[in-house]
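Each chain, letter by letter, is given below.
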Amino acid sequence: MTRFLTVAIAAALLAAPACAEIMVKDAYLRSSTPTSASGAAFMTLMNDGAEDDRLIAVSSDVAGRVELHTHSEDENGVMRMSEIEEGIPVPAGGMHRLARGGDHVMFMGLTGPLEQGSEVPVTLTFEKAGEMQLMIPVDHDRKPDHGAMDHGAMKHGD
Ligand SMILES: [Cu+2]
């Protein structure tokens, strides 16, 4: 136990001064058809830091508007998308998966078609870690995880 604590403290000191250390894994962007006016991005957000963080905004030149969305079931059992107002939490030492049928980043009003194999510059803004720029590959063909529903079949709640 003492040894574990020593290692944990050493790790925390090495990580200073940044408290929230965010990593993004397996990001990809897709649209349901080549001519869709909207698309969605999925990724795994990992927090190696000692402090909880939260994805609060996303922006990109390829879309007029980018929102954080989730899927939920309405009273009729129909899955609908709605905006996540409070941001997406990424707990310290944990992760949050954005996946088909669940939370996702929604690109609305695309300025052009999302070319298969191209990469799109996207800026993620975290409450603690601040802005992070990354290139997200367009992959329309990636299969959803087993049991997850296809984004293209969903309707917006508004
Ligand atoms: Cu959406």
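All residue numbers refer to position in the chain's written sequence, counted from 1. pLDDT decides what is reported in this predicted model: residues at 70 or higher carry local features, side-chain atom pairs at 80 or more are listed and counted, and totals for whole chains, interfaces and linings draw on all residues regardless. Water and hydrogen atoms were dropped before computing side-chain values, which therefore reflect all heavy atoms in the structure.

Engineer: Mind showing me how you'd approach the overall build of the chain here?
Structural biologist: Every helix listed is a DSSP run of H or I at least four residues long, and every strand listed is a run of E at least two residues long, numbered separately from the N terminus. From N to C terminus, the chain includes one helix and 11 strands. Shown N-terminal to C-terminal, the secondary structure of the chain runs as helices and strands in the order α-β-β-β-β-β-β-β-β-β-β-β. The 158 residues of the chain split such that 37% are buried. Here the analysis covers contacts within the chain between residues at least 6 apart in sequence; of these, 69% occur between residues at least 24 apart. Roughly 9000 Å² of accessible area belongs to the chain as shown, and the carbon and sulfur atoms make up 54% of that amount. In this scheme, a residue with accessible area under 20% of its type's maximum is buried, one over 50% is exposed, and one in between is partly exposed, where area comes from a 1.4 Å probe on protein chains only. A contact between two residues is defined here by any heavy atoms of the two lying within 4.5 Å. Residue-level accessible areas treat just the shown protein chains as cover; the underlying method is Shrake-Rupley with a 1.4 Å probe.

Engineer: What is the right way to look at the coordination of the copper ion in this model?
Structural biologist: Under perfect tetrahedral coordination by four donors, a metal shows angles of 109.5 degrees; under perfect octahedral coordination by six donors, it shows angles of 90 or 180 degrees. In this analysis a donor is any N, O or S atom within 2.8 Å of a metal ion (3.2 Å for sodium, potassium and calcium), and since water is not included, sites may seem incomplete. Each protein donor to the copper ion is listed here as His69 (ND1), Met81 (SD), His104 (NE2) and Met106 (SD); together their distances run 2.1 to 2.2 Å. When its relative accessible area of 1% is taken as the criterion, His69 is described as buried. Residue Met81 is classed as buried on the basis of its relative accessible area of 4%.

Engineer: I tried to follow the sheet that holds strand β10 (residues 130-137) on my own but got confused; where do I start?
Structural biologist: In any sheet, the strands associate via hydrogen bonds between backbone groups, in a parallel or an antiparallel arrangement. As summarised here, the arrangement of the four strands in space is β6-β3-β9-β10, forming an open sheet in which the pairing is antiparallel. Sheet topology places β6 (88-90) and β10 at the edges, where each strand pairs with a single neighbour. With direction set aside, neighbouring strand axes in the sheet form an average angle of 40°. Think of it this way: DSSP has to see at least two bridges between two strands before they count as a pair. Pairing between strand β3 (residues 53-59) and β6: three bridges, direction antiparallel. Bridging from a neighbouring strand, Asp53 pairs with Val90 of β6. Between the N-to-C directions of two axes lies an angle of 0 to 180 degrees, each axis being a line fitted to C-alpha atoms and, for a helix, fitted only over the stretch in contact.

Engineer: Would you mind going over the pattern of salt bridges with me for this structure?
Structural biologist: Oppositely charged side chains are able to pair whenever their charged atoms sit close together. Criterion for a salt bridge: a side-chain nitrogen of Lys or Arg within 4 Å of a carboxyl oxygen of Asp or Glu. Under the counting rule described, the total for this entry stands at four salt bridges. Glu51 is paired through a salt bridge with Lys128; the nearest N and O atoms lie 3.7 Å apart. Of this pair, Glu51 sits in the loop between β2 (38-47) and β3 while Lys128 sits in the loop between β9 (119-126) and β10; the two residues are 77 residues apart in sequence, bridging distant segments of the chain. The class of Glu51 is partly exposed, set by a relative accessible area of 28%. Between Asp74 and Arg80 there is a salt bridge, with its nearest N and O atoms 2.9 Å apart. Under the relative-accessibility criterion, Arg80 is labelled partly exposed at 29%.

Engineer: Explain the packing of aromatic side chains here, please?
Structural biologist: Both the distance between ring centres and the angle between the ring planes are used here to describe each pair of aromatic rings. Between 30 and 60 degrees the pair is tilted, below 30 it is stacked and above 60 it is edge-to-face, where a pair is any two Phe, Tyr or Trp rings, Trp via its six-membered ring, whose centres lie within 6.5 Å. Within the structure shown, the criterion is met by one aromatic pair. Centre to centre, the rings of Tyr28 and Phe42 are 5.4 Å apart; their planes meet at 40°, and the pair counts as tilted. One end of the pair, Tyr28, is in strand β1 (residues 22-30); the other, Phe42, is in strand β2, and 14 residues separate them in sequence. With respect to burial, Tyr28 and Phe42 carry one shared label: buried.

Engineer: Any chance you could explain the pairing of strand β8 (residues 104-110) here in plain terms?
Structural biologist: Side chains on a regular strand alternate between the two faces of the sheet. Taking burial as the measure, the seven residues of β8 include five buried ones, the bulk of the element. Here β2 runs beside β8; their pairing, made up of four bridges, is antiparallel. Bridge pairing in β8 links Ala40 to Met106. Pairing between strand β4 (residues 63-73) and β8: six bridges, direction antiparallel. Each residue of the ladder has a partner; that of Leu68, found in β8, is Val105.

Engineer: Honestly, the pairing of β9 in this entry has me stumped. Any pointers?
Structural biologist: As judged from the four bridges shared by β3 and β9, these two strands associate in the antiparallel manner. Bridged to Val58 within β9 is Leu124. The antiparallel pairing of β9 with β10 creates a hairpin that spans three residues between the two strands.

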